[in-house]
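# Descriptive analysis of the structure
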Amino acid sequence: MATLKDVVARRPIAATIRLTVPAGAARPAPPVGPALGQYRLNLMAFCKDFNARTQKYKPDTPMAVTITAYKDNTFEFTVKSPSVTWFLKKAAGIESGSGRPGHTVVSSIMLSHVYEIAKVKQSDPFCKHMPLEAICKSIIGTANSMGIQVVKDL
């Protein structure tokens, strides 16, 4: 049960915006500008905060961002790590997955790559309570659906 203090402190939410923005390259141009502008949010404040939070990643790494816009024109945002498919494509050295997964193998990666990707994904807000083994199994399933074979050693 929420206390009175929590109810009073809660702000009405105008929208939840989900974007994919390159790391360190948020600018008030599309796609960021129109998405935030329609809720009258401060574009430059978002761009500066986002670029500061993502400067540890390589430039042009696609970062998933969830922005919560409030009715008083303020916002909060969470930055997630890049998608598993992006990590798998980089590890395998391919541009896209197989057109016929299960029939055609595009590339193969080692189990150690899967483990490294799982360690990065474990820092995500939704995955931090999941065991590393479960995250690895999920990544292996994604690799199989992309036509990437996971082997113990090459």
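One numbering rule holds for all chains: residues counted from 1, following each sequence as written. In keeping with the predicted nature of the model, local features appear solely for residues at pLDDT of at least 70, side-chain atom pairs appear and are counted solely at 80 or more, and the whole-chain, interface and lining totals rest on all residues. Each side-chain value is derived from all of the structure's non-hydrogen atoms; neither hydrogens nor water enter the calculation.

### Some words on the UniProt feature "domain: Large ribosomal subunit protein uL11 N-terminal" (unreviewed entry) in the protein
- UniProt positions are given in the numbering used here, feature names are shortened, and annotations may be inferred rather than shown by experiment. In the numbering adopted here, UniProt assigns the feature "domain: Large ribosomal subunit protein uL11 N-terminal" (unreviewed entry) to residues 17-75.
- Strands here are runs of E lasting at least two residues and helices are runs of H or I lasting at least four, both read from the DSSP assignment and numbered beginning at the N terminus. The distance separating the terminal C-alpha atoms of residues 17-75 is 10 Å; by composition the span is 29% helix and 27% strand.

### A few points about the pattern of salt bridges
- We count a salt bridge whenever a side-chain nitrogen from Lys or Arg sits within 4 Å of a carboxyl oxygen from Asp or Glu. Counted according to the given criterion, the structure contains 4 salt bridges.
- Linking Lys119 and Glu116 is a salt bridge whose minimum nitrogen-to-oxygen distance equals 3.9 Å. A residue pair is termed a helical-turn pair when its members lie 3 or 4 positions apart in one helix, as Lys119 and Glu116 do in helix α5 (residues 111-121) at 3 residues.
- Burial status follows relative accessibility: with a 1.4 Å probe on protein chains alone, a residue under 20% of its type maximum counts as buried, one over 50% as exposed, and anything between as partly exposed. Taking the relative accessible area as the measure of exposure, Glu116 reaches 44% and is therefore partly exposed.
- Its salt-bridge partner being Lys121, residue Asp124 comes within 3.1 Å of it at the nearest N-O pair.
- Judged by relative accessible area, which is 6%, Asp124 ranks as buried.

### Looking at the pairing of strand β4 (residues 107-110)
- Alternating residues of β4 divide into Ser107 and Ile109, all buried, and Ser108 and Met110, none buried.
- Two strands qualify as a pair provided DSSP detects at least 2 bridges between them. Pairing analysis gives 4 bridges linking β4 to strand β5 (residues 148-151), with the strands arranged parallel. If you follow Ser108 over to β5, its bridge partner there is Gln149.

### What to know about the domain arrangement of the protein
- Domain extents, as shown, originate in an automatic or database domain assignment. Along its sequence, the protein is carved into domain 1 (11-79) and domain 2 (82-149).
- A C-alpha centroid distance of 26 Å is found between domain 1 and domain 2.

### A short note on the sheet that holds strand β1 (residues 13-22)
- Spatially, 3 strands are ordered β1-β2-β3 in an open sheet, and the strand pairing comes out antiparallel. Each end of this open sheet is capped by a strand with a single partner; those strands are β1 and β3 (75-80). Recorded for the sheet is a direction-independent mean angle of 20° between the axes of neighbouring strands.
- As defined by bridge partners, β1 adjoins strand β2 (residues 62-70) across 9 bridges and the pair is classed as antiparallel. Counterpart to Thr20 in the pairing with β2 is Ala64.
- Helix α3 (residues 43-53) rests against β1, β2 and β3 of the sheet, and its axis sits at about 30° to β3. An axis is simply a line fitted to the C-alpha atoms; with a helix, the fit covers only the stretch in contact. Between two such axes, the angle follows the N-to-C directions and lies from 0 to 180 degrees. By definition, residues are in contact when any of their heavy atoms lie within 4.5 Å.

### What to know about the nonpolar core
- By nonpolar core is meant a set of buried Ala, Val, Leu, Ile, Met, Phe, Trp, Tyr and Cys residues that side-chain atoms within 4.5 Å join together. If you look at the biggest cluster of nonpolar residues, it comprises 18 residues, and the most contacted ones within it are Phe46, Phe50 and Ile67.
- Not counting the four nearest positions on each side in its chain, Ile67 is found in contact with Ala15, Thr16, Ile17, Leu19, Leu36, Leu41, Phe46, Phe75, Glu76 and Phe77.

### What about α5?
- Taken together, the buried positions of α5 are occupied by Val114, Ile117, Ala118 and Lys121. Taken down its axis, α5 places every buried residue within 100° of arc, on the same side.
- Here the buried face of α5 lies against α4 (84-92), β4, α6 (132-145) and β5. What the arc covers is the set of directions going from the helix axis to the C-beta atoms.

### Describing the packing of aromatic side chains
- Geometry of aromatic contacts follows a simple scheme: Phe, Tyr and Trp rings, the Trp one being its six-membered ring, pair when their centres are within 6.5 Å, and the pair is stacked under 30 degrees between planes, edge-to-face over 60, tilted otherwise. Evaluation of the coordinates by the stated rule reveals 5 aromatic pairs.
- Where Phe46 meets Phe77, the ring centres are 5.0 Å apart and the plane angle is 70°; that geometry is what we call edge-to-face. Within this pair, whereas Phe46 is found in helix α3, its partner Phe77 is found in strand β3, the two being separated by 31 residues in sequence. The same class applies to Phe46 as to Phe77, namely buried.
- Relative to Phe87, the ring of Trp86 has its centre 5.5 Å away and its plane inclined at 70°; by these criteria the two rings are edge-to-face.
- Classification of Trp86 as partly exposed rests on a relative accessible area of 23%.
- Aromatic rings pair up to connect Phe46, Phe50, Phe75 and Phe77 into one cluster.
- The lysine or arginine in question, Arg11, covers the ring of Tyr70, its NZ or CZ lying 4.0 Å from the ring centre.
- Whether a charge lies above a ring is judged from NZ of Lys or CZ of Arg, which has to be within 6 Å of the ring centre and within 35 degrees of the ring normal. The ring of Phe77 has Arg53 lying over it, and the distance from NZ or CZ to the ring centre is 4.0 Å.

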